[in-house]
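# Commentary on secondary and tertiary structure
Here's the letter readout for the chains.
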Amino acid sequence: MGKGYSWIPGLAISPKNRGQFRPMYEQIWHLFREEVGIPESQLSYIKEVIDRMPVGIFYYDHPSFGGLLDAHHPAAKPVKFTVSLQSQIKLKTPETGTLAAAAGASLPLAVTGKRLEAATGFEAVYLDANRFAFRSLSTGKYVTVNEQGKLLAASGQIGQSETFLYSDTGNGNGMLKVAGNGRYVTVSPDTFEMTADAASVTNDYGRWILLYPGKEIKPKDDSE
């Protein structure tokens, strides 16, 4: 609530992790729609969240069992959906940005984004078994990893270098492993650039949060 400790009341709601939804909305839907009998028309915000987040990330306080035990809402699970990638380590220094940003197709991705916009938005394409490709809404290209391990939003197709395995580490965090080189994505503490050259993840420099901003980010116009 603003002071860093959940048990100490703050003066304002924290702006951190906007768009980070815990996997509990299927349970809320089931309670109010199926048990209490509230009409679906009065649960539009809950339905929007369920439709927006086809991948429920594990939290210690909210284990992601809702979709298994309480999923009575026939929400369409899209193959493609909009996300932003937030660095867990950069949450400690938000003044320099916390979101992965694509400044251009020839520039490496860097955690310098401070707000939701095209540069920090990605169309996540769910492939299979927690494997994703990420298409930049700014460049219109897929994020790829070059021979030096740099991440560039510059590929026109999805291959092994554009395929990322997202695995939960708990409490909303996850790791991104590139299928092409078998390395994990981390952020540099000096340049904030993202590279895929780590053999393992041992700290928050390699932990990422999937945010679901929804319709706030407008994609690049392909006709431009």
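Heads up: the structure comes first, above all this text.
Conventions and cut-offs
Residues numbered from 1 in each chain as written. Predicted model: local features only at pLDDT ≥ 70, side-chain atom pairs only at ≥ 80, totals over all residues. Heavy atoms only, no water. Helix = DSSP H or I, 4+ residues; strand = E, 2+ residues; numbered from the N terminus. Polar contact = N/O pair within 3.5 Å; in protein donor to acceptor, adjacent residues only side chain to side chain. Contact = heavy atoms within 4.5 Å. Salt bridge = Lys/Arg side-chain N within 4 Å of Asp/Glu carboxyl O. 1 Å grid on protein atoms, 1.4 Å probe; cavity = no way out; pocket = protein on both sides within 12 Å on 5 of 7 lines; lining within 4 Å. Points joined across faces, edges and corners; volume = space filled by probe spheres on them. Nonpolar A, V, L, I, M, F, W, Y, C, P; charged D, E, K, R; others polar. Phe/Tyr/Trp six-rings, centres within 6.5 Å; stacked < 30°, edge-to-face > 60°. Buried < 20%, exposed > 50% of the residue type's maximum accessible area, 1.4 Å probe, protein only. Lys NZ or Arg CZ within 6 Å of the ring centre and 35° of its normal. Core = buried A, V, L, I, M, F, W, Y, C linked by side-chain atoms within 4.5 Å.

When you line up the elements, Ser 136 lands in strand 5 (residues 131–136). Of note is the side chain of Ser 136, whose polar atom sits 3.1 Å from the backbone nitrogen of Ser 138. A distance of 3.2 Å separates a polar side-chain atom of Ser 136 from the backbone nitrogen of Thr 139. The residues contacting Ser 136, other than those within four sequence positions of it, are Ala 102, Gly 121, Phe 122, Lys 141 and Ala 153.

This next bit is on the pattern of salt bridges. A complete count under the given rule lists five salt bridges for this structure. A salt bridge links Asp 128 to Arg 131; the shortest N-O distance between them is 2.9 Å. Between Arg 207 and Asp 204 there is a salt bridge, and its shortest N-O distance comes to 2.9 Å. Taken together, the shared-partner salt bridges in this structure form one network comprising Lys 92, Asp 204 and Arg 207.

What follows is about the environment of Glu 35. Looking at the element boundaries, Glu 35 is found in helix 1 (residues 25–35). Among the polar contacts listed, one links the side chain of Glu 35 to the side chain of His 30, at a separation of 3.1 Å.

This part takes up the environment of Pro 94. Mapped onto the elements, Pro 94 comes out in the loop between strand 1 (80–87) and strand 2 (99–101). Considering only alpha carbons, one finds Pro 94 and Lys 114, 20 residues apart in sequence, at a separation of 7.7 Å.

A few words on empty space enclosed by the protein. One simple way to see leftover space: roll a probe sized like a water molecule over the atoms. Following the criterion strictly, the structure yields one cavity of 30 Å³ or more and no others. By volume, the largest cavity is sized at about 50 Å³. Lining the largest cavity we find Leu 85, Leu 109, Phe 134, Val 143, Leu 151, Phe 164, Leu 176, Val 185 and Met 194. By residue class, the composition of the lining of the largest cavity is nine nonpolar, no polar and no charged.

Quick look at the packing of aromatic side chains now. A complete count under the given rule lists five aromatic pairs for this structure. Seen in terms of ring centroids, Tyr 126 and Phe 132 are 5.3 Å apart; in terms of plane orientation they differ by 70°. Their pairing is edge-to-face. By relative accessible area, Tyr 126 is classed as partly exposed at 31%. Taking the ring centre of Phe 192 as reference, the NZ or CZ of Lys 90 above it sits at 3.9 Å.

Turning our eyes to something else, we now look at the nonpolar core. Phe 134, Leu 151, Phe 164 and Val 185 are the most contacted members of the largest nonpolar core, which totals 30 residues. Counting residues per element, this core draws most heavily on strand 1, at three residues. With residues near it in sequence (within four places) discarded, Val 185 still touches Leu 151, Phe 164, Leu 176, Val 178, Met 194, Thr 195, Ala 196, Tyr 205, Gly 206 and Trp 208.

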